[in-house]
Amino acid sequence: MLDQQGEWPHGVHPIGTERKTEIVTSLTVMGIETSCDETAVAIVRQIDGAGPELLANEVLSQIEDHAPYGGVVPEIAARSHLVHLDGLVKRALKSADLTFNDLDGVAATAGPGLIGGVIVGLMTAKAIALVHRLPFIGVNHLEGHALTTRLTNETPFPYLLLLVSGGHCQLLHVKDLGDYVRLGSTIDDAVGEAYDKTAKMMGLPYPGGPALEMIARDGDPTRFDLPRPLLNRKDCDFSFSGLKTAVRKHVLALAERDELGDQDRADIAASFQAAVADVLDNRVSRAMAKTKDQLGEKPRLVVAGGVAANQALRARLTETCETNGFTLEVPPVSLCTDNGAMIAWAGLEHLAAGHTSPMDLEPRARWPLDKSTTR
Ligand code: KG4
Ligand code: ZN
């Protein structure tokens with residue numbers, strides 16, 4: 001992170017004494033993610049003039065711990081992060097064939113998320129930074145999702161971002177690193193949440209999104225006439241709770257008559273997914289119209305977050321892009337759901353720009369990316 005004169009660039013405040021004297025032309029950053037039900041540690045490297053490399057990517061899913069409860073239990077999540085995080089840090093270093101001395105910085109999710117888990121990851125990163133005299137970077141989890149395709153596809157700024165996860169559903173104009181303008185967001189449930197709740201009503205296993213997508217493949221998307229909320233609104237907001245309630249009515253009606261069979265579940269899942277696809281297509285098209293002339297010659301739509309793993313929605317958004325003259329960029333499926341690589345990468349981008357965080361940075365349960373509202 002030293003510049004050509006061997007000085008720390010303006011704005012970078014290394015913690016402890018300077019540890020390197022040679023001119024460094026590469027950055028290697030560890031990223032820690034513990035904001036929900038994945039304990040994850042990754043190491044990313046970027047050498048000047050070359051594309052970024054993912055040197056290690058360790059993800060330990062807690063799905064089995066939470067499955068009996070049908071959703072994430074915050075206390076169980078935090079305890080599990082505490083038990084597993086140190087081991088994952090060691091495993092990441094081992095699989096990258098590195099030691100702490102090879103790192104130029106350590107990043108961790110500082111929010112938004114389940115606060116107990118965020119505290120575990122943040123404190124661990126601060127301890128590593130202090131002991132090994134490394135810069136520390138607290139990363140906004142949403143920014144991690146927002147920047148992932150810059151790691152995998154080298155997507156240039158600016159772009160339109162559809163962020164769809166278990167806790168968030170937003171459209172953002174990503175202008176530059178740290179410069180995000182929200183165009184719209186959900187006024188009730190997030191898309192992933194709607195998938196999870198709909199799946200749960202039909203008795204599908206947790207997490208519901210992938211399970212619902214799977215059974216929807218054998219279903220008839222036209223059998224149930226479900227609502228497409230906010231379709232004609234001029235803004236770019238979303239709403240999914242009405243859709244969820246409509247599904248519940250059909251599920252209860254079938255269950256009361258003892259008629260809820262596998263084909264019915266598949267048809268409900270397919271009809272639900274078709275409604276979600278229509279809503280996303282409509283809202284994204286609206287955002288495209290608002291931003292296209294500010295996105296350069298080759299406007300891009302980036303889709304990120306756990307729901308971006310959904311193949312049917314990707315296919316539909318590919319069509320949306322073709323219709324509106326956009327190019328679609330989506331991370332590989334393994335980097336759509338929560339992971340450490342996105343945190344390491346966001347940390348690296350900030351470190352390269354000369355940003356680090358103070359050691360008293362506080363964990364945050366809520367942390368809007370664009371800072372304009374708290375919704
Ligand atoms: O980004 P993520 O791992 O965690 C949050 O930051 O929320 O997203 C998890 C969400 C869950 O709601 C999960 O059901 C959903 O992403 N998800 C999917 C699929 N894979 C994960 N939803 C629909 N289809 C999928 N294939
Ligand atoms: Zn996430």
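Everything quoted here is computed from the prediction, not taken from an experiment. (Residues numbered from 1 in each chain as written. Chains lettered and ligands numbered in written order. Predicted model: local features only at pLDDT ≥ 70, side-chain atom pairs only at ≥ 80, totals over all residues. Heavy atoms only, no water.)

Here we come to the environment of Val 307. Inspection of the secondary structure assignment puts Val 307 in the loop between β9 (300-304) and α9 (311-324). Spatially, the C-alpha atom of Val 307 lies 7.6 Å from that of Gly 166, the residues being 141 residues apart in sequence. When residues no more than four places from it in sequence are discounted, the contact partners of Val 307 are Val 164, Ser 165, Val 191, Gly 192, Tyr 195 and Leu 313. (Helix = DSSP H or I, 4+ residues; strand = E, 2+ residues; numbered from the N terminus. Contact = heavy atoms within 4.5 Å.)

Let's shift gears to the site of ligand 1. Lining the immediate surroundings of ligand 1 are 19 residues, of which Gly 166, Asp 196, Glu 213, Gly 306 and Asp 338 lie closest. Note that an oxygen atom of ligand 1 is positioned 3.4 Å from one of the backbone N or O atoms of Gly 167. In the environment of ligand 1, an oxygen atom lies 3.0 Å from a nitrogen or oxygen atom belonging to the backbone of Gly 306. Among the secondary structure elements, those contributing two or more residues to the shell around ligand 1 are α4 (141-152), α5 (191-201) and α6 (208-216). (Near = heavy atom within 4 Å. Polar contact = N/O pair within 3.5 Å; in protein donor to acceptor, adjacent residues only side chain to side chain.)

Strand order across the open sheet formed by five strands is β8-β7-β6-β9-β10, with mixed pairing between neighbours. Looking along the sheet, the strands with just one partner apiece sit at the ends: β8 (179-185) and β10 (327-329). For this sheet, the mean inter-axis angle between neighbouring strands, taken without regard to orientation, is 25 degrees. Pairing geometry for strand β7 (residues 169-176) and β8, over six bridges, is antiparallel. Bridging across to β8, Val 174 finds its partner in Tyr 180. Most of the contacts of α9 go to β10, to which it runs at about 150 degrees, and overall it touches β6 (159-164), β9 and β10. (Pairing = 2+ DSSP bridges. Axes fitted to C-alpha atoms, helices over the stretch in contact; angles between N-to-C directions.)

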